Amino acid sequence: MQQQLSGTAVESAELKQSERFWAQYWHQMWRRSPAVARARATAHLCAYLQESCYWASANVTVRFTTVQCTLADGFQIAITCLERILKGYNPDYGSNLQVYARNAFGNVIRDQLRQQQEVNICSDWGLLRRLSQTQLTQSLLAAGLTDATPTVLVWQCFKAICTPDPKKSTRGLPTPSPAQLAQMTERYNQLRYQLSPVPDAIDAQTVLAKLRQSVKAARAYLTPTVTSLNQPQYDDASKESLDDLSLAAGETPMEQLLTIEAYAERQQYVQQLERVLEQAIAALEPPSQALLALYYQQTLTQKEIAAHLNIKQYQVSRKLSRIRQQLLLSIAQWSQESLHISMESAVLASISELIHEWLQRRYRPELLKEPE
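Predicted model only: the values in this text are computed from it and were never measured.

Basis of the calculations
- Residues numbered from 1 in each chain as written.
- Predicted model: local features only at pLDDT ≥ 70, side-chain atom pairs only at ≥ 80, totals over all residues.
- Heavy atoms only, no water.
- Helix = DSSP H or I, 4+ residues; strand = E, 2+ residues; numbered from the N terminus.
- Buried < 20%, exposed > 50% of the residue type's maximum accessible area, 1.4 Å probe, protein only.
- Contact = heavy atoms within 4.5 Å.
- Areas by Shrake-Rupley, 256 points an atom, 1.4 Å probe, with all protein chains shown as cover.
- Core = buried A, V, L, I, M, F, W, Y, C linked by side-chain atoms within 4.5 Å.
- Expected span 1.5 Å × (residues − 1).
- Arc of directions from axis to C-beta.
- Salt bridge = Lys/Arg side-chain N within 4 Å of Asp/Glu carboxyl O.
- Axes fitted to C-alpha atoms, helices over the stretch in contact; angles between N-to-C directions.
- Parallel < 35°, antiparallel > 145°, perpendicular 65-115°, else oblique.
- Left-handed = near helix turned anticlockwise from the far one by under 90°.
- Nonpolar A, V, L, I, M, F, W, Y, C, P; charged D, E, K, R; others polar.

**Points about the overall build of the chain**
Item 1. Of the regular secondary structure elements, the chain holds 17 helices and zero strands.
Item 2. Taking all 372 residues of the chain together, the buried fraction comes to 35%.
Item 3. Sequence separation of 24 or more characterises 68% of the internal contacts of the chain that already satisfy a separation of 6 or more.
Item 4. With an accessible surface of roughly 23,200 Å², the chain has 51% of that area assigned to carbon and sulfur atoms.

**As for the nonpolar core**
Item 1. Counting residues in each nonpolar core, the largest one holds 31 residues, and the members touching the most others are L45, L49, C53, I85, L86, L97 and F105.
Item 2. Listing elements by their share of this core, those giving two or more residues are α2 (19–32), α3 (35–48), α4 (50–61), α5 (71–79), α6 (82–88) and α7 (97–121).
Item 3. If one sorts the elements of this core by residue count, α7 sits on top with eight residues.
Item 4. Setting aside its immediate chain neighbours within four residues, L49 contacts L82, L86, L97, Q98, A101 and F105.
Item 5. Among the nonpolar cores identified, the runner-up in size contains 28 residues, and L128, A148, C162 and L222 belong to it.

**Notes on unusual backbone geometry**
Item 1. In this chain, S196 is followed by P197 through a cis amide linkage whose omega measures 0 degrees.
Item 2. Considering the arrangement of structural elements, one finds P197 in the loop between α11 (178–191) and α12 (204–222).
Item 3. Here T299, not a glycine, exhibits a phi torsion of approximately 55 degrees, which is positive.
Item 4. Within the secondary structure, T299 sits in the loop between α14 (286–297) and α15 (302–309).
Item 5. Residue T299 is classed as partly exposed on the basis of its relative accessible area, which comes to 42%.
Item 6. Look at N310: it is not a glycine, yet its phi comes out positive at around 60 degrees.
Item 7. Mapping N310 onto the fold places it in the loop between α15 and α16 (313–339).

**Quick word on α11**
Item 1. Here α11 is 14 residues long and its end C-alpha atoms lie 20 Å apart, about the 20 Å a rise of 1.5 Å per residue gives.
Item 2. Within the span of α11, buried status applies to L181, M184, T185 and Y188. Take α11 and look down its axis: the buried residues cluster within an arc of 100 degrees, on one side only. Projecting away from the buried face of α11 at angles above 90 degrees are the exposed residues A179, E186 and Q190.

**Considerations on the pattern of salt bridges**
Item 1. In the structure shown here, the tally under the stated rule is three salt bridges.
Item 2. The partner of R38 in a salt bridge is E83, and the shortest N-O contact between them spans 3.8 Å. Remark: E83 occurs in helix α6 and R38 occurs in helix α3; sequence separation between them is 45 residues.
Item 3. Take E83: its relative accessible area is 35%, and that puts it in the partly exposed class.
Item 4. Among the ionic pairs, D124 bridges to R219, the shortest N-O distance being 3.1 Å. Remark: R219 occurs in helix α12 and D124 occurs in helix α8 (residues 124–130); sequence separation between them is 95 residues.

**Regarding the packing of helix α9 (residues 133–142) against helix α10 (residues 149–161)**
Item 1. At their nearest, the axes of α9 and α10 sit 10 Å apart, and the two run at 140 degrees to each other. The angle between α9 and α10 places the two elements in the oblique class. Both α9 and α10 take part in a crossing whose hand is right-handed. Facing Q133, L136, T137 and L140 of α9, the residues of α10 in contact are T151, V152, W155 and Q156.
Item 2. In terms of residue class, the contact of α9 with α10 is built from four nonpolar, four polar and no charged.

This is how it looks when you write it as structure tokens:
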């Protein structure tokens, strides 16, 4: 009995010294403590998660070749969202804080670079067409404009007059013609009386100037310039410390180790996903399970299944779609509960295709065999 108690005490001591224990401890301190203690917890967690942030930036930035974003830029984009990531983490779900943070940091960088990529490939006028009024207003206010209402009205006139060719993309919308500028000017001078106070009348050159001001503000707001926190001070022209952390052509032993760990994590997730899908299939009604077997195992066409079940072909199509949606929902719920990741529509669409492929392999294991 005494040996058991001694062993338990040793295990408890080891647990308290473990990395995961202290990560959870500081996260609880961050969530529950007053401002002073919370700042201390934030500092600990920020230091602890910098490695996760670094590798998230390294993995994401190399994939966006059309956007000028260095590893250091991606790191700073992500680390500024630390508070948001800590709020989203729920230790009750049992996931590792570092793993969760690496995924979350990657999503933050990816979203920012996608937005920047979209902005970069749009012409000035295409960008104005794609902006929402809220985005434009926030952009103008961020640029220091105290009253954005008249400029927003000019933008509304622009959207009403400069409509894109249905056969062409909005991204490449050309500069407004003199006739269009004249129409915008006339429209603005008529609608300005709806504003309070009523702004002065303007000419076509002022309309064009306000539109260019809007473009400049929107680009600056949507793709802010990342200024390095580690930039050289005063006249010191030496490199940033983060520059020395750039990925070398060959993998270092540490990189190889992290690659192995990442592969092991992916394999673990794959196994968990397969268990989730198997449980979801087991929970289906027998007719739904039979339908999957007919379609994926016996490889019958929808028309053949319809004849076999004495129903219409469109009913077969709807039933299969509904079943795949149920499986997709189970994956989305697992992702939210286990990884704290809410899937976007584009991600869900790609996963739907993967579920289709997984069902093919599940019902026809011979597809996994490599040809001799």
